[in-house]
Each structure stands twice: as C-alpha cells, then as structure tokens.
Amino acid sequence: MPFVELNGVALRYELSGAGERALVLVHEMGGSLESWDGAAPHFEGARRVLRYDTRGAGMSQKARGELTFSTMASDIAGLLDVLGINGKVALAGVAVGGAIALQFAAQYPQRTSAVVAGSPATGIAAARRPAALERLARIEAEGMSSVVDDAMLNGYVPELRGDGKRFEQFRARWLGNDPSSYATIWRMLANAEMQGMLGRISCPALVIGGRLDRVRPPAMAQEVANAIPTARYVEVDTGHYMAVQTPDLIASCIDAFLKSVGA
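These remarks concern the structure in this document. Here the structure is a predicted model, which is why all the values come from computation and not from measurement.

Calculation criteria
The numbering scheme is per chain: residues are counted from 1 as the chain's sequence reads. Given that this is a predicted model, residues contribute local features only at a pLDDT of at least 70 and side-chain atom pairs are listed and counted only at 80 or more, while totals for whole chains, interfaces and linings are drawn from all residues. Processing note: side-chain calculations cover all non-hydrogen atoms of the structure and skip hydrogens and water entirely. Throughout, exposure labels follow a simple rule: accessible area from a 1.4 Å probe, protein chains only, divided by the maximum for the residue type, with under 20% read as buried, over 50% as exposed, and the rest as partly exposed. Elements are defined by DSSP. Helices are runs of H or I of four residues or more, strands are runs of E of two residues or more, and each kind is numbered from the N terminus. Two strands pair under a simple rule: DSSP has to find at least two bridges between them. Only the stretch in contact is used when fitting a helix axis, every axis being a line fitted to C-alpha atoms; angles between N-to-C directions are given from 0 to 180 degrees. Contact definition: two residues touch when any of their heavy atoms are within 4.5 Å. For classification purposes, angles smaller than 35 degrees are called roughly parallel, those larger than 145 roughly antiparallel, those between 65 and 115 roughly perpendicular, and all remaining angles oblique. Just to be clear on terms, a salt bridge is a Lys or Arg side-chain nitrogen sitting within 4 Å of an Asp or Glu carboxyl oxygen.

1. Comments concerning the pairing of strand E3 (residues 21–26)
Looking down a regular strand, the side chains alternate between one sheet face and the other.
Point 1. Counting buried positions along E3 gives 5 out of 6 residues, so the element sits mostly inside the fold.
Point 2. Where E3 and strand E4 (residues 47–52) come together, 5 bridges link them in parallel fashion. Its bridge partner being in E4, leucine 23 is matched across the sheet by valine 49.
Point 3. Two elements, E3 and strand E5 (residues 89–94), share 4 bridges in a ladder whose sense is parallel. Its bridge partner lying in E5, valine 26 is registered against glycine 93.

Put into structure tokens, the structure is as follows:
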C-alpha cells in the first residue's frame, strides 16, 4: 500500500474501487485501515473508496505532543488533494474515526456530501477524565498489553466473537499499537470540545448506535445525533468496533443512507 507525506506527517493509504463518487472510511482509535477490510468491498463497484491509517495509527507516522481533531480532518483534506479527488465526498467513521469524519464535515462543508458516524467518540466526560488519564499513564509505562483484556471486554464483547479468527486478528493488531501514539490520540479525545462543531454540520448525517457497545452505549451516540441539526439516528446489533465486528451490517447501513440522501 502506498504512503504519502503531507501536513508534516507520513500517512499510509489505500484507494480502491471506481466511480465518480468517493467515500472516505476512517478507522477507530487503536485501529488501522484494515478495520474496514470487511466493509470496503461493498462500495468498490460504484465508488472510489479511500482508507488510510490516521496519524499515530497503523503504519502511518507516529504521533507525539499535542493533537487535535482539526488536524486529523486536515489530513483527510490533504489526502484528497494529493489524490486529485475533487468535489464533495461522503465519509464514514467509527468511534474516534466517527468524530474525525464529523469534524471534517463541519470544517469542510464545501467538500462533504454526507457523513456517517458509528458510536462517535467526541469527548470524555469530565468525571471520567482522571481515570482515563491514569489509564494512559499505565499504557505508556507498561504497554498495550496492560489494558488489552479490559479493552476487548468492553469494545469487543463476547457476544460478537462468533468469528474467532476475526477477533484474534483484531486483538493482535490492536496490541501492535505504539503506546505513546495511542496515548497522544486519547489525550486529543480527552481535551476535545466538539459540541459547538456538531451544531455546524449542515450535510446529511447518520449516527449509528451499537446495542452491544459497552464503551459508548447507544444513549451516548444518540446524544451526539441530537446535537447535529441534520442527523438521523439508528441503533443496530453491533459493538464499539462495529466495522470489524459486523462489516456487512455496517456497510449496509452506510450504503442505504448514502443512497437515500443522493450522496
């Protein structure tokens, strides 16, 4: 897969499919473009599909220091420019990837036809921040393996582990994250104030809640949807890492929504 250097960072990406319209898929925190392996083929017959490792994730350049959702959205704009993808694009993201997609929609309305966000991670409640920061310190000191069991228990619930090989591959890939980069991205989330941004989104939007998501239960997803003037909200039987766990279901939700709004 190719790499490109832009906005002061090297990013790995994959552009596949064909068609006049383009769809950008954004993975979850701790994920990579492979998180969309099961869903991407659903779109490639009719669209160009752009997947990439966000900065700090996968095989993209590792992240240190301060990071913002605005920077993450700018990375998508830079990729589109480099690849010559002009006009409006649709975006779909999961968890932090969902928040990045929403940020892009607000930041670049002239380039966004529609946006889909599954269990969007748009911030951490003040009451939960001390525990989150304590967890980050543990990750940086002891590595990803120190929290993997807890992360999988809540994010990849046993009810969704029917495909054992899929779960094992995801867990192993998650363990391969650079602890410092992972912590940098989580601090970005902890420091985020996205409520005002959500109110600026003007394109058609869909927020998906996962009934089996113990990290960001459906009520949290619906709260995000309520803050977006144009948003629809649906709940489906999936978990936090929904593009990995139920790729056919999520692809179907995305496809049906984009067709319904002419995007």
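2. Things to note about the sheet that holds strand E1 (residues 3–6)
Point 1. Spatially, the 8 strands line up as an open sheet ordered E1-E2-E4-E3-E5-E6-E7-E8, and their pairing is mixed. Here the strands that pair on one side only, and so sit at the sheet edges, are E1 and strand E8 (231–236). Going from strand to strand, the sheet's axes swing by 25° on average, the running direction of each strand aside.
Point 2. Relative to E8, strand E7 (residues 205–210) runs parallel, the two being bridged by 6 bridges. Bridging across to E8, valine 207 finds its partner in tyrosine 233.
Point 3. Of the strands in this sheet, E1, strand E2 (9–17), E3, E4 and E5 touch helix H1 (residues 69–82), which is tilted by about 115° from E1.
Point 4. Relative to the sheet, helix H8 (residues 218–227) contacts E7 and E8, its axis offset from that of E8 by approximately 170°.

3. Focus: the packing of H1 against helix H2 (residues 96–107)
Point 1. Contact geometry for H1 and H2: axes closest at 8 Å, N-to-C directions at 75°. As far as their axial angle goes, H2 and H1 are roughly perpendicular. Residue-level inspection shows Phe69, Ser70, Met72, Ala73, Ser74, Ile76, Ala77 and Leu80 of H1 in contact with H2, the latter providing Val96, Ala99, Ile100, Gln103, Phe104 and Gln107.

4. Description of the pattern of salt bridges
Point 1. Scanning the model with the defined rule gives 17 salt bridges in all.
Point 2. Between arginine 138 and glutamate 142 there is a salt bridge, and its shortest N-O distance comes to 3.8 Å. Linking arginine 138 with glutamate 142, this pair stays in helix H3 (residues 129–142), spanning 4 residues, or about one helical turn.
Point 3. Here glutamate 142 falls in the exposed class, since its relative accessible area comes to 52%.

5. Focus: unusual backbone geometry
Point 1. At alanine 95, a position not held by glycine, the phi torsion is positive, near 60°.
Point 2. By the secondary structure assignment, alanine 95 is in the loop between E5 and H2.
Point 3. With a relative accessible area of 3%, alanine 95 lands in the buried category.
Point 4. Within the chain, serine 119 stands out as a residue other than glycine whose phi angle is a positive 40°.
Point 5. Note that serine 119 resides in the loop between strand E6 (112–118) and H3.

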